[in-house]
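Per-entry structural report
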Amino acid sequence: MATRVGGPPEFVPADAGVLVDPLDVDALVDALRAAAALPCPNPAARAAAERHDVREQARRVEQVLERAAAESR
């Protein structure tokens, strides 16, 4: 479970977790129940996390920098 504030919607697809308004107490209760009902381990959550792994992010940054360097030559 994560809140809809601060970026998690980008990281939590529907089948991997539950997003909730942090100020809605009833929604928080429902979200906790829904999150507890998700499979464990959760393949969708693992796949989502892999896309944001620090090594993957570093690889993407490296590609951007290599492209920028090549275009400046």
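Described below are features of the structure shown in this document. Since the model is a prediction, treat every value here as computed from it, not as a measurement.

**Some points on the overall build of the chain**
The helix and strand tally for the chain stands at three helices and two strands. What you see in the chain, going N to C, is helices and strands ordered as β-β-α-α-α. Against the globule reference of 11 Å for 73 residues, the chain gives a C-alpha radius of gyration of 17 Å, more extended than a compact globule. Out of the 73 residues in the chain, the part that is buried amounts to 18%. Within the chain, contacts between residues at least 6 apart in sequence are counted, and of these 29% link residues at least 24 apart. Carbon and sulfur atoms make up 59% of the accessible area of the chain, which totals about 5,600 Å².

**Some thoughts on helix α3 (residues 54–71)**
With 18 residues, α3 should cover 26 Å at 1.5 Å per step; its first-to-last C-alpha distance of 26 Å lies within 8% of that length. The N-cap residue of α3 is aspartate 53: its side-chain oxygen and the backbone nitrogen of arginine 55 are 2.8 Å apart.

**Regarding the environment of leucine 32**
By secondary structure assignment, the location of leucine 32 is in helix α1 (residues 25–37). With relative accessibility at 52%, the residue leucine 32 sits in the exposed group. Linking leucine 32 and alanine 2, residues 30 residues apart in sequence, is a C-alpha distance of 9.6 Å.

What counts, and where the lines are drawn
- Residues numbered from 1 in each chain as written.
- Predicted model: local features only at pLDDT ≥ 70, side-chain atom pairs only at ≥ 80, totals over all residues.
- Heavy atoms only, no water.
- Helix = DSSP H or I, 4+ residues; strand = E, 2+ residues; numbered from the N terminus.
- Rg over C-alpha atoms; globule rule 2.2 N^0.38 Å.
- Buried < 20%, exposed > 50% of the residue type's maximum accessible area, 1.4 Å probe, protein only.
- Contact = heavy atoms within 4.5 Å.
- Areas by Shrake-Rupley, 256 points an atom, 1.4 Å probe, with all protein chains shown as cover.
- Expected span 1.5 Å × (residues − 1).
- Polar contact = N/O pair within 3.5 Å; in protein donor to acceptor, adjacent residues only side chain to side chain.

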